[in-house]
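# A structural walkthrough
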Amino acid sequence: MFGLSTAERDAEFARFATESGGSLKRTAYLLTGDRELAADLTQEALLRTYLAWRRVRSAEAAAYARRTVVNLTIDRWRRREATAAETPDRTDPYDGHGRIDDHDQVVRMLESLPPQQRRVIVLRYYNDLSEADTAACLGIGVGAVKSAASRGLAALRALYTPTDGRNS
């Protein structure tokens, strides 16, 4: 990346954005529970990654962009905390037939977790990061990752109710 022309760098970034955009958007969605916000956060993360593209190594580009998505989510959460009067947007968990979709149930369950637990669960189990990589991405210790994962998984298990197609 360091010795490339601007056109080559742009082409390399375009390939990266195409390959990783979907994963970044899914991660943002699981962190926020809001599709439109996830798209906005993904675009912002890709923009910031592009601006730093000369400094980002190819092998670390996905981690850099993922960390940017997480940081943007944390910043948004902090702003929301500062304006506590604002209520979070909730999506209707029911489809047109009154059935709860498993995917929507998972997103709602993730929304119920405290932000730290939610970030750890998404990074560890959705993005399949190791405890050390999750800790590095969030800027916390491995012990904090283990604790948040344990508590988050326990909370998710308590909330989970299997759905089946026979209840419609």
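Refer to the structure printed above.
Note that the structure is predicted; figures quoted are calculated from it, not measured.

What follows deals with the pattern of salt bridges. A full pass over the atoms with the stated rule returns one salt bridge. The partner of glutamate 44 in a salt bridge is arginine 48, and the shortest N-O contact between them spans 2.7 Å. Of this pair, glutamate 44 and arginine 48 both sit in helix H2 (residues 35–51), four residues apart, roughly one helical turn. Residue classification places glutamate 44 among the partly exposed positions, given a relative accessible area of 28%. Since its relative accessible area comes to 38%, arginine 48 is described here as partly exposed.

Within the fold, serine 20 resides in helix H1 (residues 6–32). Once the C-alpha coordinates of serine 20 and alanine 65 are considered, the two residues, 45 residues apart in sequence, prove to be 8.8 Å apart. Looking at serine 20, its side chain comes within polar contact range of the main-chain oxygen of phenylalanine 16, at 2.7 Å.

On to the environment of alanine 38. Summarising the element assignment, alanine 38 is placed in helix H2. Taking the relative accessible area as the measure of exposure, alanine 38 reaches 1% and is therefore buried. For the pair alanine 38 and arginine 26, spaced twelve residues apart in the sequence, the C-alpha separation amounts to 7.5 Å. If near-sequence neighbours (up to four positions away) are discounted, alanine 38 is found in contact with Lys25, Ala28, Tyr29 and Thr32.

Across its twelve residues, helix H5 (residues 115–126) extends 15 Å between first and last C-alpha, which sits within 8% of the 16 Å expected from 1.5 Å per residue. Those residues of H5 that fall on the buried side of the exposure criterion are Gln117, Arg118, Arg119, Val120, Ile121, Val122, Leu123 and Arg124. Positive phi appears at aspartate 128, one or two residues downstream of H5, with a value of about 55 degrees.

Quick look at unusual backbone geometry now. In this structure, aspartate 128 is a non-glycine residue whose phi angle is positive, near 55 degrees. With respect to the helices and strands, the residue aspartate 128 is situated in the loop between H5 and helix H6 (131–138). Using a relative accessible area of 66% as the deciding quantity, one classes aspartate 128 as exposed.

A word on a nonpolar patch on the surface. A cluster of nonpolar residues, Leu47, Tyr50 and Leu51, forms a patch on the protein surface that exposes about 300 Å² of accessible area. For leucine 51, the position within the fold is in helix H2.

Among all positions in H6, only Thr134, Ala135, Cys137 and Leu138 are buried. For H6, the arc enclosing every buried residue in end-on projection is 165 degrees, short of the 170-degree limit, so these residues lie on one face. Looking one or two places after H6, you find glycine 139, whose phi comes out positive at around 70 degrees.

Calculation criteria
All residue numbers refer to positions counted from 1 along the written sequence of the respective chain. The predicted origin of the model limits local features to residues at a pLDDT of at least 70 and limits the giving and counting of side-chain atom pairs to 80 or more, whereas totals for whole chains, interfaces and linings rest on all residues. Where side-chain values are given, they derive from all heavy atoms of the structure, hydrogens and water being excluded. Any carboxyl oxygen of Asp or Glu that lies within 4 Å of a side-chain nitrogen of Lys or Arg is treated as forming a salt bridge with it. Starting at the N terminus, helices and strands are each numbered in turn, a helix being any DSSP run of H or I of at least four residues and a strand any DSSP run of E of at least two. Throughout this description, buried means an accessible area under 20% of the type-specific maximum (1.4 Å probe, protein chains only), exposed means over 50%, and partly exposed covers the range between. Any N or O atom pair separated by 3.5 Å or less is treated as a polar contact, with the protein-specific requirement of one donor-capable and one acceptor-capable atom, and with residues adjacent in sequence counted only for side-chain atom pairs. Two residues qualify as a contact provided that any one of their heavy atoms is within 4.5 Å of a heavy atom in the partner residue. To estimate the expected span of a helix, count its residues, drop one, and scale the result by 1.5 Å. Each patch is assembled from residues with relative accessible area greater than 30% and no salt bridge, linking like charges that lie within 9 Å and nonpolar side chains (Val, Leu, Ile, Met, Phe, Trp, Tyr) that lie within 5 Å. Exposure was quantified through the Shrake-Rupley algorithm and a 1.4 Å probe, taking into account, for residues, occlusion by the shown protein chains and nothing else. Of all possible arcs, the one meant is that of the directions from the helix axis to the C-beta atoms.

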